[in-house]
Amino acid sequence: MNLQSALRVGLAKVFVYALLALFLIPAVTYGFTLYAQYDQDASFVAGISQRIDAEKGMPPAEKQARKDYYRSNPPSTICDNSSPEAQDYREALCERYSDVWQFHMARLVSFWTLVAGGVLLLAVLGLGALAFADRTLQYTSFVTGWRLTTYASAAALLVQGAMAVWLSFWVTAFFFHKYSPKLVLLVGFVVLAGVLVAVRGIFKRVESSNQAVGELVSEDDAPQLWKRIRHMAQRLKTEPPQHIVAGIDANFFVTEAPLTVGNQTLTGRTLFVSLPLLRILDQAEADAVFGHELAHLRGGDTQSSARLGPKLVQYDHYRHAMRTGGLTVMVSPLLDLYRMIFEIALARDSREREFKADRLAAKLISPAAIAQSLVKIAAYAQYRYKIETELFGRNERHDDTTLGIARFVAQGLAPYAASDDFLDAMKTANVPHPFDTHPAMPERLRNVGMALKEQDYGAIAVRAPAATWVQEILTADAIEQHLWSDYEQQFAQDHERSLAYRYEPATDEERALVLRYFPPVVFALKGDNTVEVSIEGIRTSADETTVFWDAVKALEYKESSFGNALIVTHPEKNALGLGAKTSKIKLAGLKKEKDSFNATVGHYWQRHQIMRAQQQQEA
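Residues numbered from 1 in each chain as written. Predicted model: local features only at pLDDT ≥ 70, side-chain atom pairs only at ≥ 80, totals over all residues. Heavy atoms only, no water.

1. Thoughts on the nonpolar core
As a rule of thumb, nonpolar side chains are buried together in soluble globular proteins. Which entries qualify depends on this criterion: Think of a nonpolar core as a cluster: buried Ala, Val, Leu, Ile, Met, Phe, Trp, Tyr and Cys residues, connected wherever their side-chain atoms sit within 4.5 Å. For each residue, the accessible area found with a 1.4 Å probe, counting protein chains only, is set against the maximum for its type, and the residue is called buried under 20%, exposed over 50%, and partly exposed in between. Every helix listed is a DSSP run of H or I at least four residues long, and every strand listed is a run of E at least two residues long, numbered separately from the N terminus. What makes two residues a contact is simply this: any of their non-hydrogen atoms within 4.5 Å.
One finds F252, L278 and F290 to be the most contacted residues of the largest nonpolar core, which totals 66 residues. Per element, the largest residue contribution to this core is 13 residues, and it comes from helix α13 (residues 367-393). The residues touching L278, leaving out its near neighbours within four places in the chain, are F252, V273, A286, F290, T468, V470 and I473.

As structure tokens, this is what we get:
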């Protein structure tokens, strides 16, 4: 399945879930009230007809007229009947909170909830279409949709939750002539909790921060580079960046959003340049990349992203809260639908922005320069990712002082560029970027009119530049040395932590590493007893036994007035062969530390599962 097909399938699924979220409970409520009212009407008319027939002294014609009246005006319709002659009948049956009144109100509320759901769905689709139709209205469209869907989701929780509470009483009362107060209270509590989560999510403010790992390059550090950037900005008739940040990430970007670099937060226009990439690009190729990024500034792309970005972050936080808030999950599909539609619109717009920026860069410098820079950047990024993936996958601990990722990449790029793997990767490669979805590189090459042959990619990727902009940055070597040192140290630490999950362990050295991250944790129980959680399993001092992780299929913590316990489900069948075997780890006295105990057990069991999965993968 290709990306477009997968996207269509995903959108269709989300749309179906949104329909269920909007209409399922109201439709069930409406259908139940119609069914119940039909039954109540039939019972009422039958009963009143018997009473009328039993009346003595009433003429037959009057009896028939009265029976016809009640058949024409059953209880399900009388609450809406405002005629004076129906006043006594209406007051007798439609008293507030009476059964007839409740079913009448439930039918009305569910009907108008279905109507409101349809209007809301059309509004969401309309706002999504607006984001596709007019880029200048994307911000307004999203903020409007954000407010609409968040407030509507909270309202839907409240209204549909009330229906669920009402149904929890009346469905059992109607069909079985009894009800469960516990069920009603449980549903009511869950609904209330969901509404509180939704309301809190609406008013919660989320701090949005963009970070970049790098160091500022002042004009004194690179006067010629700054002069060149300003000259190109002037030719493009746009304001130049106020800051240049140099780093070792395999990308270039510009932003007008606040950007945190080290201990500083930069505001205004910032250009991020990659020192490793500048070392492989000649100055014309690098100029083409700068031109591409400056074109984003000229087109208002970065200004739009700076305004919209924080709103997207806050909306995504609200969606996450709805997905994980219990009952609130029932309204999350509507939020997901709008976000997905908008994301598709943004992705399409991003593609067009990239194509336009490439064409401007080609016009500013040359089509060949931008095409060659795309090939070199994609090749470097692909190979660096390959190297880092291979290094992280190794089962031996790395020494962060001799890791040398930059050296690995520099030495291996030429052989990689001559391999079949390289050509396969470049057919679908894109140029990495932290803020936008970039089109595949071959599409971008065609966009600037450069139909490069695939067999030429390798030669372009390893072509040594005659002069680079790195040579014009006086602090480049010091910045790279410092950043690579920090990066490789963090890489080695992350790799070591992953080994603590992968090792069984099999040797003393491996055991020491695993215990560094997963030491035995002891919790006090009643009396002098303890329970210990370790990489082997769970051991209690009371019976001096250990439940090993390989003997665990599932875990459930149960609280009881007779003492808390951990119920362990084992992989094997019970003695009768009728179900899973279980055992109980008694935890009497474990009260305040129960959350810490459960978190520790879950963490250590997860480690064991990851370790076994790794072994199966390597087998």
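2. Looking at the packing of aromatic side chains
The line we're drawing: Here the aromatic set is Phe, Tyr and Trp, taking the six-membered ring for Trp, and pairing holds for ring centres within 6.5 Å; pairs whose planes are under 30 degrees apart are stacked, those over 60 apart are edge-to-face, and all others are tilted. Should the NZ of a Lys or the CZ of an Arg lie within 6 Å of a ring centre and within 35 degrees of the ring normal, that charge is described as sitting over the ring.
As enumerated under the stated definition, the model contains 36 aromatic pairs in all. The interplanar angle of 75° and the centroid separation of 5.6 Å between the aromatic rings of Y69 and Y70 together place this pair among those described as edge-to-face. Three or more aromatic residues joined by ring pairs form one cluster here, namely F32, Y35, F103, W166, F169, W170, F174, F175 and Y179. Of note, R307 hangs over the ring of Y139, and the distance from its end group to the ring centre comes to 3.8 Å. Here the basic side chain of R607 rests over the ring of F518, its NZ or CZ set 5.8 Å away from the ring centre.

3. Quick look at unusual backbone geometry
The omega torsion across E504 and P505 is 0°, close enough to zero to call that bond cis. Tracing the chain through its elements places P505 in the loop between α18 (476-502) and α19 (508-517). Despite not being glycine, Y97 shows a phi value in the positive range, around 75°. Take Y97: its relative accessible area is 58%, and that puts it in the exposed class. Its identity is not glycine, yet H177 carries a phi of approximately 60°, on the positive side. Take H177: it is sitting in the loop between α6 (138-176) and α7 (181-203).

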